[in-house]
Amino acid sequence: MIPEEVIEQVRNETNIADIIGQFVALRKSGSNLMGLCPFHDENSPSFSVNEDRQLFKCFGCGKGGNVFTFMMELENLTYPEAILKVADMSGIEISDQYKQNNSQKPKMNSTETKLIEMHEKSAEVYHHILMNTELGQKALDYLHDRGLTDDTIKYYQIGFAPNDNVINRFLVEQKFEYQDMRKSGLFLEDDEGKLRDRFFNRIMFPIKNEFGSIIGFSGRVLNKEDSTAKYLNSPETDIFNKRDVLFNLSNAKAAIRKKDAVILFEGFMDVISAYQSGIENGIASMGTSLTNDQIKVINRHCNSVYVCYDGDAAGQNAINRALSLLGNSSLTLRVIQMPEGIDPDEYRKQFGEEKFADYMSKSIESPISFKMRYYKLNRNLDNETDKFSYIQDVLKEVAKVDQPIERDLYINQLADQFNLNKNDLTMTMNSFIQKNDAVNRVNYARNGKNDNNAQMIAPIQSVRYRSKVEMAELYLLNRILMSQELWQRLMSVDGFAFVDVDYQLLYNLAQEYMATHDEYNSAEFQDFIKEEKLRKLLIDIEMLQINDSPSVDEVDDYVNIIMNEAPIDSQLKQKQIELNEAKQLGDIDRQTEIAMEIIQLQKQKNLGGRA
């Protein structure tokens, strides 16, 4: 067990926003920070972080808690493991004696654990062969010729797979079972059920999940004369799904968080070249077109994407596709345009790392600027038909820009370039804006979804009705927990008790907590509560948006409602039941008697519970 004083140190020296910010891109919204929830799919942010209380709450899926709860939910950790994880992420030293029995990696089933273990052991073998054997010398020379240093090769654990079934023999020696090896994706199986290495004569790039565990490989063929595919990726397995995996994300997370942006490259070598040039926030998709699942992962980590694909025709088409997909997200988009026919890795090799880094910082353009150049490809702008269709295509893109000044800038460029009347271009653009708005309104009505320019407003997907009495209980607990003076005032009220059982239980726990603590700490009290239902109730109480300072009169009003109006409400409910029964029996005298009693109770309620 980790001592309470150590837990308190980690909690007090950690800012929940710094930890969550490593997994969720947060933006200021009022007094809270908002982002896309990492626990469920959503397009509009409903995930809120309150730095004052050191708590988080998702108004979409309902999850909430303190920084330890967040890590437990996100990575499926135990409470001690979450404490160690948070301490490690915050740079807080924890004694080794508390680490021995607590792994900080996400919990997995036994099959997933074995698959990851096989991949990580295989990566060690591949890397050893590359760096230390004659079998790997040719591959190592190739990487050196590409300008990669040994430090970079070691950082990415790059390896080499020879043509002698080495991984099969190695994993058998390590006592891995045949059925687990079949599921790993590391082997091909013949008709007789025999396994042989899937990867051979290839330079091996380990693929890691978001948490840094190796889940697959991408192998680049070494000999150019080979007719096989240039790159071969691991197949889909229980641990590897190329649709949601991004190369280098686990290594780049800190830099992405610091810059609030990623640079999206087309290939692994582009990412690695960028890293060696000092650009650490680069990632790449898995050799296929960018997917919506990958965009959701990016959106959780930052607010901006710089697309940097190859300068050839295929690369330009890929940029256009990526911008179209990314345009459906809330991400801010930019393009880093490479010179014609050159990819980022080639640029670094030709001009060196310093010039590469300088180029990357100075060759940034907006998506519209890219589109204005892209739409010129394969068009003859001296031809009136091509010219008209080009202008139409560009105006459709400009109509999607939400900033009037930016739209005006592009309209001026078109007017100057083709010697056209600016007002005519503006009218055409406005017609496209109206069409877009009409489509958005139809989609909103049909699907209940906002357009891409929707503000960051947290949607509440379901609202539970709360009575006046329960609202008084909710606000009363909020006020007294935040003020020692108001806490003492409530404690002095004779015979006070909350009407609803859960509120009373929370009040009782708060009394236990206050008895051993000098002051109230929201995040610490979360850990003090063991029942999940009460934890969620406390989150609702803590996250109430109440701007005014609490007052004695306000608290007295809540107490009066709970102590005086609540019993009357209960009596009114009972009298209504009795009245319905009297109606069913046709007892007119009893109906009259009960009706008079209900009137008296209503009068008493209107007087604030005083007879």
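Nothing here was measured: the structure is a model prediction, and the numbers come from that model.

## Brief notes about the overall build of the chain
(1) Moving on: A tally of helices and strands in the chain yields 26 helices and 16 strands.
(2) Moving on: When each of the 611 residues of the chain is scored for burial, the buried share is 49%.
(3) Moving on: Within the chain, contacts between residues at least 6 apart in sequence are counted, and of these 64% link residues at least 24 apart.
(4) Moving on: Carbon and sulfur atoms make up 46% of the accessible area of the chain, which totals about 31200 Å².

## Comments concerning the environment of Leu135
(1) Moving on: On the secondary structure map, Leu135 appears in the loop between α5 (110-132) and α6 (137-145).
(2) Moving on: Distance in space between the C-alpha atoms of Leu135 and Ala161 is 8.9 Å, their sequence separation being 26 residues.
(3) Moving on: Beyond its immediate sequence surroundings of up to four residues, Leu135 is in contact with Ile129, Phe160, Pro162 and Asp164.

## As for the environment of Asp556
(1) Moving on: One can find Asp556 in helix α25 (residues 552-585).
(2) Moving on: With 66 residues separating them in the primary sequence, Asp556 and Leu490 have C-alpha atoms 8.6 Å apart.

## Description of the confidence of the model for the chain
(1) Moving on: Per-residue confidence for the chain averages 85 on the pLDDT scale, and 90% of its residues sit at or above 70.
(2) Moving on: Low confidence marks residues 449-464, where pLDDT is under 50. Its contacts with residues over four positions away, or in another chain, come to 29 contacts.

## Concerning the nonpolar core
(1) Moving on: One finds Leu130, Ile158 and Ile203 to be the most contacted residues of the largest nonpolar core, which totals 58 residues.
(2) Moving on: If you tally residues by element for this core, the top one is α5, at nine residues.
(3) Moving on: When near neighbours in sequence (up to four residues on either side) are disregarded, Ile158 contacts His127, Leu130, Leu143, Leu148, Ile153, Ile203, Met204, Phe205, Pro206 and Ile272.
(4) Moving on: With 45 residues, the next largest nonpolar core counts Leu249, Val307, Tyr374 and Ile391 among its residues.

Cut-offs used in this document
- Residues numbered from 1 in each chain as written.
- Predicted model: local features only at pLDDT ≥ 70, side-chain atom pairs only at ≥ 80, totals over all residues.
- Heavy atoms only, no water.
- Helix = DSSP H or I, 4+ residues; strand = E, 2+ residues; numbered from the N terminus.
- Buried < 20%, exposed > 50% of the residue type's maximum accessible area, 1.4 Å probe, protein only.
- Contact = heavy atoms within 4.5 Å.
- Areas by Shrake-Rupley, 256 points an atom, 1.4 Å probe, with all protein chains shown as cover.
- pLDDT = per-residue confidence, 0-100.
- Core = buried A, V, L, I, M, F, W, Y, C linked by side-chain atoms within 4.5 Å.

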